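# Remarks on the overall topology
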Protein chains: 2
Amino acid sequence: MNNKIRVGIVGYGNLGRGVEKALTRNPDFELKAIFTRRQPDKFDNKGIVHISKLKEYQGQLDVVILCGGSATDLPEQGPMIASMFNTVDSFDTHAKIPEYFSKVDDAARKAGTLSIISVGWDPGLFSLNRLMAEAVLPEGKTYTFWGSGVSQGHSDAIRRVSGVKNAIQYTVPVEDAIERVRTGENPELSTREKHIRVCYVVPEEGADLSRIESEIKNMPNYFADYDTTVNFITEEELKAKHSGMPHGGFVIRTGATDAGTKQKIEFNLALDSNPEFTGSVLVAYARAIFRMAKEGQTGARTVFDIPPAYLSPKSAEELRLELL
Amino acid sequence: MNNKIRVGIVGYGNLGRGVEKALTRNPDFELKAIFTRRQPDKFDNKGIVHISKLKEYQGQLDVVILCGGSATDLPEQGPMIASMFNTVDSFDTHAKIPEYFSKVDDAARKAGTLSIISVGWDPGLFSLNRLMAEAVLPEGKTYTFWGSGVSQGHSDAIRRVSGVKNAIQYTVPVEDAIERVRTGENPELSTREKHIRVCYVVPEEGADLSRIESEIKNMPNYFADYDTTVNFITEEELKAKHSGMPHGGFVIRTGATDAGTKQKIEFNLALDSNPEFTGSVLVAYARAIFRMAKEGQTGARTVFDIPPAYLSPKSAEELRLELL
């Protein structure tokens, strides 16, 4: 008898591949199929199936990990797939979380399935640390810094500037601001003081570099509120030096437990690969959802609702003995 | 109607005072009484009651926070008080956790109460981070460093050396070792390579300083396996510069999600006051225990079993909106 957690992946972009890799490091899972909207025969991987066949897998998958984007994929797929399977997703459009939670919750309750939304590192592990730090130090202030890491949205925005052939943008936290936060100074930091934006741009031949630089630096919402540097490089250099997907960041809360008694709680991540790390978090939460669903729980959850023990393959006794 | 969580504190040493301070920063709690084995009239504080009266408070306390020591107080008090009240404690004798858990669990199940053991930062928040990091990065290695901070056990050991009037000992993590861990080098670190021990000793008049220094440095278990420095100072200097109780530490896991893809998860604390911070953690978990007991849960728990949302005074909707 096979006791492995049978899992499906929906979406085979960077995140889907990250989940696929993470599953190879978690022997209590069995990857049954990867579902895509593209032509499955375009992939070498034999386990790839067209998404139209998802329904046929009912009863064969313990949990489905949704790896689509938050803009258009998940708002549609989340509630729909929750009506057939237990699901895990990384929905990260912050303003729409209440609405999305409610739709997934309705679908899952009706179907008797269990779903967790907004899993990853932010939202996800960073959110957990914000909650824990605030609960432990009610008198204090929490700061979140992101980076150094690639922002896909900002990279795309640069690519839309005329004369730009290719581009990548790194969000970089200001080291001095982090240090001020760590000392417990509780600074009020403007957007400009917290992060800088560093762009690597491949221009089209003969393009006006100073116009491109100026258009980027003055772009409202994306760059105008930041100190931005623009570096022009060749396509070869971009491929050679900037094709990884590193990221990371910091959640720091400083607070007081008495007059003059400062306390600092810090959580930070340094990631060579953002999608592989996010995929690894999704797999740990898939384990929790599988177990909680087995207990008969239904509806939608977030990371705030999951007892940490459910994330580990170890038993409660092992956890108390080895990790407490 | 008063909806506050009615709490009692047992033990009025450093930790009990830390809990008392933490409660003033958590307006959903009401401190009903502090129980002590000493003569209550020795304290200015009006809410202090002799521990023999604890039984009379049944039905008047929603949760009792145990602030005694792990060596002799908690093994006796934990199961005994769990048979009357919901409890939170900071039991930290690692080797005896399974036995202690089982005794508290038995007492609480029989009495229909709920208890959480081993709460604080280590065991406690550090344990949680070890669990989460290992669950997310199964291929990797976790390191825990402590300090800089006062070790009460090591300070006591120095005070037992003849010719020593007073002493305090700081455990200090080796910065270079932390940096090697952070780079993902996965070093094998000996005890000596991870921490150094720094002692401030007040000698008795006319004592042989070099004998004292040698006795400390060669003391088995406590100092022999470490690089130890001994500084002789006056009682006045000890009082002026070393009467705080700072502490802190680091939990760092580095791992790989693919060949050559390094990922780092780090949690660290820098605490001006160890007992006030530990007290603050105990109060947050007292909130969780109160809520879970209200749902009808009984028996013993650890931090691994608590859904994080239960730690915060905010509603699930507020948490999703503000912190996710």
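Residue numbers here run from 1 along each chain, matching the order of that chain's written sequence. Chains carry letters and ligands carry numbers; both start at the beginning, A for chains and 1 for ligands, and go up in the order they are written. With the structure being a predicted model, the display of local features is reserved for residues of pLDDT at least 70 and the display and counting of side-chain atom pairs for 80 or more, all residues being used for whole-chain, interface and lining totals. Hydrogens are left out, water is left out, and the side-chain values use all remaining heavy atoms of the structure.

### Overview of the UniProt feature "domain: Meso-diaminopimelate D-dehydrogenase C-terminal" (unreviewed entry) in chain A
This is how the line gets drawn: UniProt positions are given in the numbering used here, feature names are shortened, and annotations may be inferred rather than shown by experiment. Helix and strand assignments follow DSSP, with helices taken as H or I runs no shorter than four residues and strands as E runs no shorter than two, numbered in order from the N terminus.
Under the UniProt annotation, "domain: Meso-diaminopimelate D-dehydrogenase C-terminal" (unreviewed entry) lies at residues 120–273 of chain A. The span residues 120–273 of chain A is 31% helical and 37% strand by assignment, and the distance between its end C-alpha atoms comes to 13 Å.

### Section: the relation of the copies chain A and chain B
Both copies of the chain are related through a single rotation about an axis accompanied by a shift along the same axis. We apply this condition: What sets the superposition is a least-squares fit of C-alpha atoms, and only residues with pLDDT of at least 70 in both copies go into it. Every residue pair with non-hydrogen atoms within 4.5 Å of one another is taken to be in contact.
Expressed as a screw transformation, the operator carrying chain A onto chain B has a rotation angle of 180° and an axial translation of 0.0 Å, and the superposed copies differ by an RMSD of 0.1 Å. Considering both components of the superposition, the chain copies are consistent with a two-fold axis. Interface residue correspondence from chain A to chain B reaches 100%, placing this contact among same-surface, isologous pairings.

### Examining the interface of chain A and chain B
Rule in force here: Buried area: the accessible surface (1.4 Å probe) lost by two parts on joining, summed over both. In what follows, salt bridge is the name for a side-chain nitrogen of Lys or Arg lying within 4 Å of a carboxyl oxygen of Asp or Glu. Under the rule applied, a polar contact is a pair of N or O atoms within 3.5 Å (in protein, one hydrogen donor and one hydrogen acceptor; residues adjacent in sequence only if both atoms are side-chain atoms).
Contacts between the two partners involve 64 residues from chain A, matched on the other side by 64 residues from chain B. A buried area of about 5,700 Å², summed over both sides, lies between chain A and chain B, and 61% of it is on carbon and sulfur atoms. Counting the contacts that link chain A with chain B gives six salt bridges. Here B:E139 ties to A:R25 by a salt bridge, and the two come within 2.8 Å at their closest N and O atoms. Across the chain A-chain B interface, the total number found is 32 residue pairs in polar contact (both at pLDDT 80 or more).

### Focus on unusual backbone geometry
Glycine aside, residues mostly have negative phi, and peptide bonds are mostly found in the trans state. Looking along the chain, the bond that leaves A:D122 and enters A:P123 is cis, with omega of 5°. For A:P123, the location among the structural elements is in the loop between β6 (114–116) and α4 (125–136).

### Looking at the pairing of strand β1 (residues 5–10) of chain B
Residue and element names in this part refer to chain B. In plain terms, the rule: Think of it in three bands: residues with accessible area under 20% of the maximum for their type are buried, residues over 50% are exposed, and the middle band is partly exposed, with areas taken using a 1.4 Å probe on protein chains only. Here a strand pair is declared whenever DSSP counts at least two bridges between the two strands. We call a crossover right-handed when, viewed with the strands running away from us, the connection from the first strand over the helix to the second turns clockwise.
Counted residue by residue, β1 has five buried out of six residues, so it is predominantly covered. Looking at chain direction, β1 and strand β2 (residues 29–36) are connected through six bridges and run parallel. If you follow G8 over to β2, its bridge partner there is A33. Once you follow β1 into helix α1 (residues 14–24) and on to β2, the crossover reads as right-handed. As defined by bridge partners, β1 adjoins strand β4 (residues 63–66) across four bridges and the pair is classed as parallel. From the neighbouring strand, G8 faces β4, where its bridge partner is V64.

### Overview of the side chain of B:T261
Tracing the backbone through its elements, the reader meets B:T261 in strand β13 (residues 261–271). Looking at B:T261, its side chain comes within polar contact range of the side chain of A:E276, at 3.4 Å.

### Quick word on the side chain of A:H154
All names here are of chain A. If you trace the backbone, H154 turns up in helix α5 (residues 152–159). Residue H154 is classed as buried on the basis of its relative accessible area of 13%. For H154, the side chain forms a polar contact with the side chain of R197, separated by 3.4 Å.

### Topic: the sheet that holds strand β12 (residues 247–258) of chain B
For clarity, the cut-off: Orientation is described by axes fitted as lines to C-alpha atoms, over the contacting stretch for helices, and by angles from 0 to 180 degrees between their N-to-C directions.
Within the open sheet, the six strands sit side by side as β7(A)-β12(A)-β13(A)-β13(B)-β12(B)-β7(B). Their pairing is antiparallel. The open sheet has two edge strands, β7 (140–146) of chain A together with β7 (140–146) of chain B, and neither has a second partner. Mean inter-strand twist for the sheet, computed between neighbouring axes without regard to direction, equals 10°. Of the strands in this sheet, β7, β12 and β13 of chain B touch helix α6 (residues 175–182) of chain B, which is tilted by about 25° from β12(B).

### Quick look at the sheet that holds strand β1 (residues 5–10) of chain A
All names here are of chain A. Pairing within the open sheet is parallel, and its seven strands lie in the order β3-β2-β1-β4-β5-β6-β14. The two strands at the open ends of the sheet, each matched to only one other strand, are β3 (48–50) and β14 (299–301). Between one strand axis and the next, the sheet turns by 25° as a mean value, whatever way the strands run. Relative to the sheet, helix α2 (residues 73–82) contacts β1, β4 (63–66), β5 (87–89) and β6, its axis offset from that of β4 by approximately 180°.

### Observations concerning the packing of aromatic side chains
Formally: Here the aromatic set is Phe, Tyr and Trp, taking the six-membered ring for Trp, and pairing holds for ring centres within 6.5 Å; pairs whose planes are under 30 degrees apart are stacked, those over 60 apart are edge-to-face, and all others are tilted. In this scheme, Lys NZ or Arg CZ marks a charge over a ring once it lies within 6 Å of the ring centre and within 35 degrees of the ring normal.
Here the structure, examined in full by the defined rule, presents 10 aromatic pairs over all chains. Taking the centre distance of 5.8 Å and the plane angle of 85° together, the rings of A:Y170 and A:Y200 count as edge-to-face. Here the residue A:Y170 occupies a position in strand β9 (residues 164–173), and A:Y200 occupies one in strand β10 (residues 195–203), the gap between them amounting to 30 residues. For A:Y170, a relative accessible area of 12% translates into the label buried. Ring centres of B:F91 and B:Y100 lie 4.0 Å apart, and the angle between their planes is 15°; this geometry places the pair in the stacked category. Side by side, B:F91 and B:Y100 carry an identical accessibility label, which is buried. Grouping aromatic residues by their ring pairs yields a cluster made of A:W121, A:F126 and A:F267. The ring centre of A:F145 lies 5.2 Å from the NZ or CZ of A:K194, which sits over that ring.

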